[in-house]
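Survey of secondary and tertiary structure
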Amino acid sequence: KNNLNIHNWDILSPNEIDIIINNAANAQLNWKTLKLENKLRLIDDVASILKERTKELSIIMADEMGKPLSQGNSEIDKCVWLCDYYNKNAINILSDKNIETEYLKSYVSFQPIGLVLGIMPWNFPYWQVIRFALPALIVGNGILLKHASNVQGCANAIEACFLEAGFPNNIFKNLQIPSY
């Protein structure tokens, strides 16, 4: 019997998970006060890192879930495109919107809600995470990621990209926990 083991990941203990959640909650309290322009600069840096590491990230995808390299490259390109989209549109998207009601002044305002848990599938391991994480981070939320067990290398690579881009420690955390 041939058993190919690409990599092993340690599963977090309940105590380690509690520490991560508490650290992320504390980081989010500061993150939500950061000016939008500063958050968008960090998103721009994430785009640059993704673009620079396209080959490496695509190889991880190919190893972990069998996606052909050309499709992996396209998935990373799509993530870079989304970073650029939010850089160009976030200020308009997040601006208060006046609405007509029976009151003197009514409007819709986008505010952070705290920590957001994303439970992600394996089939688009970067795209699914980026499309959920970017808008949540931009508005001021913190991210906890529970990615599919078979793409933990991708999940850890995404977290590393955010850290390298200059995001605060604990504002984007991958939880290495199994799916029960």
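Of the two faces of strand β3 (residues 115-119), only the one carrying V116 and G118 is buried; L115, L117 and I119 on the other face are not. Pairing analysis gives five bridges linking β3 to strand β4 (residues 142-146), with the strands arranged parallel. Each residue of the ladder has a partner; that of V116, found in β4, is I143. Between the parallel elements β3 and β4, the chain passes through helix α5 (residues 127-139) in a crossover that is right-handed.

It is worth spelling out helix α6 (residues 152-164) at this point. The end-to-end C-alpha distance of α6 is 18 Å, a good match for the 18 Å that 13 residues give at a rise of 1.5 Å each. Most of α6 is tucked away, with 10 of its 13 residues classed as buried. The complete set of buried residues in α6 reads Q152, G153, C154, A155, N156, A157, I158, E159, C161 and F162. Summarising the contacts, the buried residues of α6 are in contact with α2 (36-52), α3 (54-65), α5, β4 and β5 (172-174). Just past α6, the residue G166 takes up positive phi, approximately 105°.

Next up on the list: unusual backbone geometry. Residues other than glycine seldom take positive phi values, yet N170 does so here, at roughly 75°. In this fold, N170 is placed in the loop between α6 and β5. According to the relative accessible area criterion, N170 is partly exposed, its value standing at 24%.

This paragraph deals with the side chain of Q128. Along the chain, Q128 turns up in helix α5. Residue classification places Q128 among the buried residues on the basis of a relative accessible area of 13%. Once you skip the residues sitting within four places of it in the chain, Q128 turns out to touch M120, P121 and N123.

Another point: the side chain of Q28. With respect to the helices and strands, the residue Q28 is situated in helix α1 (residues 14-31). Residue Q28 is classed as buried on the basis of its relative accessible area of 6%. Discounting residues that sit within four places of it in the chain, Q28 has contacts with P112, G114, L115, G140, N141, G142 and I171.

Reading guide: rules and limits
Residues numbered from 1 in each chain as written. Predicted model: local features only at pLDDT ≥ 70, side-chain atom pairs only at ≥ 80, totals over all residues. Heavy atoms only, no water. Buried < 20%, exposed > 50% of the residue type's maximum accessible area, 1.4 Å probe, protein only. Helix = DSSP H or I, 4+ residues; strand = E, 2+ residues; numbered from the N terminus. Pairing = 2+ DSSP bridges. Right-handed = clockwise from strand over helix to strand, strands pointing away. Expected span 1.5 Å × (residues − 1). Contact = heavy atoms within 4.5 Å.

The values reported here are purely geometric and, on their own, carry no functional implication.
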